[in-house]
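Fold and geometry: a report
The lines below spell out each chain.
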Amino acid sequence: MQVYLSCPECVDEQARHEKSSESPDPINTQKRLSPYPIQLTNEVSYEVKCVFGHSSAVFINLFKHEILFEIGVHSILDGYYREAITSFAASLERFYEFASRSIALHHRLPNDEEVKCWKDIASQSERQLGAYIYLHAIHFKKQPKLLSNPQAALRNSSVHKGQIPTRDEAVAFGEEVLSIISETSLKIWQTIPEAAHKVVSNHAEMSVKKIIEAGGVQSNTTNCVDSAVHGKIHDERPLKEHLERTILRHSRNKVDKHKKIIGEFEAKRHT
Ligand SMILES: [Zn+2]
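This one's a predicted model, so the numbers in the text were calculated from it and none came from an experiment.

**Quick notes on the coordination of the zinc ion**
For the zinc ion, the full set of protein donor atoms is Cys7 (SG), Cys10 (SG), Cys50 (SG) and His54 (ND1), at a range of 2.1 to 2.3 Å. Considering all 4 donor atoms around the zinc ion, angles at the metal cover 100 to 116 degrees and the coordination shape is tetrahedral. Each donor residue of the zinc ion lies on one chain, and together they are spaced C-x2-C-x39-C-x3-H. Taken together, the positions of Cys7 in the loop between strand 1 (2-5) and helix 1 (8-19) and Cys50 in the loop between strand 3 (45-49) and strand 4 (55-60) put the pair 43 residues apart, joining distant regions of the chain. The residues Cys7 and Cys50 share a single accessibility class, namely buried.

**What to know about the sheet that holds strand 3**
Adjacent strands of a sheet pair through backbone hydrogen bonds, lying either parallel or antiparallel. Here 3 strands make up an open sheet; going across it, the order is 3-4-5 and the pairing mixed. Of all strands in the sheet, those with a lone pairing partner are strand 3 and strand 5 (222-223), marking the two edges. Relative to strand 4, strand 3 runs antiparallel, the two sharing 5 bridges. Bridge pairing in strand 4 places Val48 opposite Ser56.

**Details of the pairing of strand 2 (residues 36-39)**
Burial along strand 2 is one-sided: Tyr36 and Ile38 are buried, while Pro37 and Gln39, pointing the other way, are not. In this structure, strand 1 lies alongside strand 2, joined through 4 bridges in antiparallel fashion. In the sheet register, Val3 faces strand 2, and the bridge partner there is Ile38.

**Some words on the domain arrangement of the protein chain**
The assigned domain composition of the protein chain is domain 1 (2-63 + 218-269) and domain 2 (79-196). The gap between the C-alpha centroids of domain 1 and domain 2 is 29 Å. Counting residues at the interface gives 10 residues for domain 1 and 12 residues for domain 2. Around 860 Å² of area is buried between domain 1 and domain 2 when both sides are counted, 81% of it from carbon and sulfur atoms. Contact with domain 2 buries area across many residues of domain 1, yet Lys232, Ile233 and Leu239 alone supply 57% of it, more than any other trio.

**A look at the state of the cysteines**
Inspection of every chain in the model, using the stated rule, returns 0 disulfides. In this structure Cys224 is a free cysteine whose sulfur lies 17 Å from that of Cys7, the closest cysteine sulfur available. Assessed through its relative accessible area of 68%, Cys224 is described here as exposed.

Cut-offs used in this document
- Residues numbered from 1 in each chain as written.
- Predicted model: local features only at pLDDT ≥ 70, side-chain atom pairs only at ≥ 80, totals over all residues.
- Heavy atoms only, no water.
- Donors = N, O, S within 2.8 Å, 3.2 Å for Na, K, Ca; no water.
- Tetrahedral: all angles 85-135°; square planar, octahedral: opposite > 155°, others 65-115°.
- Helix = DSSP H or I, 4+ residues; strand = E, 2+ residues; numbered from the N terminus.
- Buried < 20%, exposed > 50% of the residue type's maximum accessible area, 1.4 Å probe, protein only.
- Pairing = 2+ DSSP bridges.
- Domains from an automatic or database assignment.
- Contact = heavy atoms within 4.5 Å.
- Buried area = accessible area lost by both parts, 1.4 Å probe.
- Disulfide = S-S within 2.5 Å.

Here's what the structure looks like:
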């Protein structure tokens, strides 16, 4: 899945240019504010290389579970409903990780001990689910909301048996996952924001380290990417509405991408 990010150095340069008494850029000058396509991975920081030769690490405002949820949204838009369910299910698992680790740090488990504990459950989702149920219950004094039995059955048959669901099934599955994530996420950010920030910043630090080791530059800039999870938490926007909002942007990006592929193919044919 692609998102479009701006080059922070160009944004600063554009602001400086607009404030100065310099004459406006001539027509056909390469625009400084052009966004650049970035392929999303599990990271929260991405390298943006612009046409002016800058290279910057830019944060996005999405955490692992939010990125996976958006990949599910784009799978629905592209007509891959089984892949949508797989991504929504992975998003929920990563959300359980975020919630469990936030609660553990809030209850003063030292950071390095927490990392060791997570290593013991990192490759088994059943262990993670067990940890989440109890950590949530201890902290909120309440059993957490989990996937309903019919949705868990749909996930299992899609992920393990190759069942291809319908669009309506994929949307209903995503809607349920979104409601679990947004409800608990809101409670976490409202009650234990410091611990939640610590989990996000631990991950961000590792992400930035990778970019710097690869020769990139650190940036304090964050690009905001619209997401279903933020939309649900802040505006109570259901998944159906997020799909409608995303469809136009997604189609436009696809058209641009295909035009580029056709252009390159034609150019090759004529050489
Ligand atoms: Zn630039």
